[in-house]
Amino acid sequence: MNAEPFIVSDVRVTARARSRTSAFLRQACGTRTLLAALAILTWGAAAHAATGARCTVQAGAGETVIDAILLNDTPDPKPGRVIIDAHGIIRCAGATCQPTTPHPTIISCPQDSLSPGFINPHDHIDFTGDAPLPDTGERFEHRHEWRKGLDGHTELKGADPDTSPELIAWGELRFLISGITAMVGGNMAPGLVRNMDFATGLEGLPQHAVTYQVFPLDDGPGIMRTHDCNYGNHPSTPADVAATPAFLAHVAEGTNGAARNEFRCLSSNTYDRTPQQGGGGISQDMMQPGMTILHGVGLGANDFDLLHNRGISLVWSPRSNLALYGRTVDIPAARAHGVTIALGTDWLPSGSMNMSREFACAVHYSHDHLASALSSRDLWRMATQGGAAAVHGDSVMGAIAPGHVADLVLFRPQGQTPYDAAIQSTPGTIDMVMRGGHVLYGDRKIIRRLHQPGCEKVGIDGQAKALCIRTDQRFSFATLKRDMTRRHIYPLVTTGTPPNEPPCETLEETRARLPNARLTGPE
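Residues numbered from 1 in each chain as written. Predicted model: local features only at pLDDT ≥ 70, side-chain atom pairs only at ≥ 80, totals over all residues. Heavy atoms only, no water.

Visitor: Describe the overall build of the protein, with residues and values.
Guide: From N to C terminus, the protein includes 17 helices and 19 strands. The buried share of the protein, reckoned over its 523 residues, is 59%. A sequence separation of at least 24 residues applies to 70% of the contacts in the protein between residues at least 6 apart. Only carbon and sulfur atoms are counted for the fraction: they give 53% of the accessible area of the protein, which is about 19,500 Å². (Helix = DSSP H or I, 4+ residues; strand = E, 2+ residues; numbered from the N terminus. Buried < 20%, exposed > 50% of the residue type's maximum accessible area, 1.4 Å probe, protein only. Contact = heavy atoms within 4.5 Å. Areas by Shrake-Rupley, 256 points an atom, 1.4 Å probe, with all protein chains shown as cover.)

Structure follows, in structure tokens:
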């Protein structure tokens, strides 16, 4: 018996949403591979039904043992074992690991892929309540054009931050059930994912909170410059970067000269040495090892060289970049120059609702525009090791390794490789999400046998799941679901393409789809 009885809630997906499956496959895989993708999903569906037979659980005490295929950044991951101590730290990972306590908890899912939890280093969680609007086809060359309606563009209306604790918790829960265990989002809810930009949100992680800066040039009012650094009077400084484990800043979000100018003003001590009245106005070299660039759409080859040489990470948000600008950062060039790349969802109005949908966009873009240059392993690395590097937490997270926190996810078999299981996953195909050795979400049979307190039964896309979130935060899932439904907030999960999902397409593709839309950028 559980220490506390399960409470039943249900998240059901409409038949209309289910009908979007083929559209999702075309986006994620390309039309020509639709039949192959359907075959893969059929194989995956059989694996779903076999969950009870695939996984066995023996509740115990002290250590936790997980047997699965270990995703450890090798070309051909093998079955192995992870031993987690009573404090939620990985003690051993490999084929020969053995517990030291006589009666450990054992979770054995030998067909599943065990991965480090995904780390999302870029979101604006305050906008969880702002659903994406139908796409008009208008595209921009700089973020201030849609933020402020500049250069004759339409201001993006309806995107207003909301710091309601319930709303923030709903947004984090959306991420959690897609395998995200840590994030940077500008706000936080306690007890769900780790919030790397809040000391109270680290959930015991042994490092200081990172700094999240949306306007490092103090350009929030909509200041755009092309040949000098006369932005706001209070820009960030190199001392700000040095004072934090990681300084994550929006830089060069756009395709025009004004976007590229931002990087010049933040990467040189000589570009502009004329101060402006009231403060600021000079360029400063902030490209220190603690710096992380968010977006960087306007960066080029020389810039990537600098990032690599200084040990600076880049966070890629393909869906939001393509939906707003019809372009995204030159990922092949960044990789060729050795830049560490992470993957971030950005925000709901123009980005992805969870990591599963960000993967879908990245797969689609890679297939259609990069000759499938990005493998599932590459994307998995961005969401784990890359995310850990972006928040400078790679010594304690982002890998299945001794001394790292046990932020782990079990993925049911999908596709043709163990990495496919992670990249093609949905919340319904995840068997377990663990943060610091504590299971927060997963297959109902697994969680029932763990005898954890504070758990609720939930149905996710027809799958019997459970959430165990009531012991370290105040909202039950039933309460969250009731209140978010009453407020008509964007759903927790969907099947296939979510409602009004921002398009993952280039300018040329938008031009073909909407020939009369206002487009910007090169012909």
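Visitor: Break down the sheet that holds strand E11 (residues 247-251) for me, citing the residues and quoting the values.
Guide: Within the open sheet, the five strands sit side by side as E10-E11-E12-E13-E14. Their pairing is parallel. Every other strand in the sheet has two partners, leaving strand E10 (211-213) and strand E14 (341-343) as the edge strands with one partner each. Averaged over neighbouring strand pairs, the angle between their axes works out to 25° when direction is ignored. Note: E11 against strand E12 (residues 291-295), five bridges, orientation parallel. Each bridged residue has a counterpart across the sheet, and for Phe 247 the counterpart in E12 is Met 291. (Pairing = 2+ DSSP bridges. Axes fitted to C-alpha atoms, helices over the stretch in contact; angles between N-to-C directions.)

Visitor: Any details on the state of the cysteines? Residues and values, ideally.
Guide: By the definition in use, this model includes five disulfides. A sulfur-sulfur separation of 1.9 Å characterises the disulfide bridge that pairs Cys 92 with Cys 97. What sets the handedness of the Cys 92 and Cys 97 disulfide is the S-S torsion sign, and at about -75° it is left-handed. A relative accessible area of 22% means that Cys 92 is categorised as partly exposed. Judged by relative accessible area, which is 3%, Cys 97 ranks as buried. At a sulfur-sulfur separation of 2.1 Å, the disulfide partner of Cys 455 is Cys 468. Across the disulfide from Cys 455 to Cys 468, rotation about the S-S bond amounts to roughly 100°, and the bridge is consequently right-handed. Within this pair, whereas Cys 455 is found in the loop between helix H15 (444-450) and strand E18 (456-460), its partner Cys 468 is found in the loop between strand E19 (463-467) and helix H16 (477-486), the two being separated by 13 residues in sequence. Take Cys 468: its relative accessible area is 0%, and that puts it in the buried class. (Disulfide = S-S within 2.5 Å.)

Visitor: Before we move on, can you summarise the pattern of salt bridges with the specific residues and values?
Guide: Two side chains that carry opposite charge are able to pair once their charged atoms sit near each other. According to the stated counting rule, one finds 28 salt bridges in the structure shown. The shortest N-O distance in the salt bridge between Glu 155 and Lys 157 comes to 3.5 Å. With relative accessibility at 32%, the residue Glu 155 sits in the partly exposed group. On the accessibility criterion, Lys 157 (56% relative accessible area) is exposed. (Salt bridge = Lys/Arg side-chain N within 4 Å of Asp/Glu carboxyl O.)

Visitor: Tell me about the sheet that holds strand E9 (residues 194-195), residues and numbers included.
Guide: Strand pairing in a sheet relies on backbone hydrogen bonds. The paired strands run either parallel or antiparallel. Taken together, the three strands give an open sheet; going across it, the order is E7-E8-E9, and neighbouring strands pair in parallel fashion. Across the chains shown, the open sheet's two edge strands, defined by having one partner strand only, are strand E7 (118-120) and E9. Both E7 and strand E8 (residues 180-183) contribute to a ladder of three bridges, which runs parallel. Across the sheet, the residue bridging to Ile 119 is Ala 182, located in E8.

Visitor: Go over the side chain of Asp 272, please, and point to the residues and values.
Guide: With respect to the helices, strands and loops of the structure, Asp 272 is situated in the loop between helix H8 (257-267) and E12. Buried charge without a partner: Asp 272 forms no salt bridge, and the closest opposite charge is Arg 273, 7.1 Å away. Within the local environment of Asp 272, its side chain forms a polar contact with the backbone nitrogen of Cys 229, the two atoms lying 2.8 Å apart. Ignoring any residue separated from it by four or fewer positions in sequence, one finds Asp 272 in contact with Asp 228, Cys 229, Asn 230, Gly 281, Ile 282 and Ser 283. (Lys, Arg positive; Asp, Glu negative; His and termini not counted. Polar contact = N/O pair within 3.5 Å; in protein donor to acceptor, adjacent residues only side chain to side chain.)

Visitor: Before we move on, can you summarise the packing of aromatic side chains with the specific residues and values?
Guide: Under the defined criterion, the tally for this structure stands at seven aromatic pairs. Three or more aromatic residues link up through ring pairs in this structure, and these residues are Phe 118, Phe 359 and Phe 411. (Phe/Tyr/Trp six-rings, centres within 6.5 Å; stacked < 30°, edge-to-face > 60°.)

Visitor: Any details on the nonpolar core? Residues and values, ideally.
Guide: Within the largest apolar cluster, 79 residues are counted, with the highest numbers of intra-cluster contacts made by Leu 173 and Trp 316. Considering every element that reaches this core, the biggest residue donor is helix H6 (residues 165-176), with seven residues. One finds Val 57, Ala 406, Val 439 and Cys 455 within the second-largest nonpolar core, a separate group that totals 24 residues. (Core = buried A, V, L, I, M, F, W, Y, C linked by side-chain atoms within 4.5 Å.)

Visitor: An account of the environment of Leu 299 is requested, with residue identities and associated values reported.
Guide: As for its position among the elements, Leu 299 is in the loop between E12 and helix H9 (301-310). In sequence terms Leu 299 and Asp 330 are 31 residues apart; their C-alpha atoms lie 7.8 Å from each other. The residues touching Leu 299, leaving out its near neighbours within four places in the chain, are Ala 252, Phe 263, Ile 293, Phe 304 and Leu 307.

Visitor: I'd like a rundown of the environment of Ile 331, residues and numbers included.
Guide: Along the chain, the position of Ile 331 falls in helix H11 (residues 331-336). The exposure class assigned to Ile 331 is buried, which follows from its relative accessible area of 0%. Residues in contact with Ile 331, not counting those within four places in the same chain, are Trp 316, Ile 341, Leu 374 and Met 382.

Visitor: For unusual backbone geometry, give the residues involved together with the corresponding values.
Guide: At His 295, a position not held by glycine, the phi torsion is positive, near 80°. Position of His 295 relative to the elements: it lies in strand E12. In this structure His 295 comes out as buried when scored by relative accessible area, which is 0%. Of note, Ser 372 is a non-glycine position whose phi angle comes to about 55°, a positive value.

Honestly, it's all geometry; don't read function into it.
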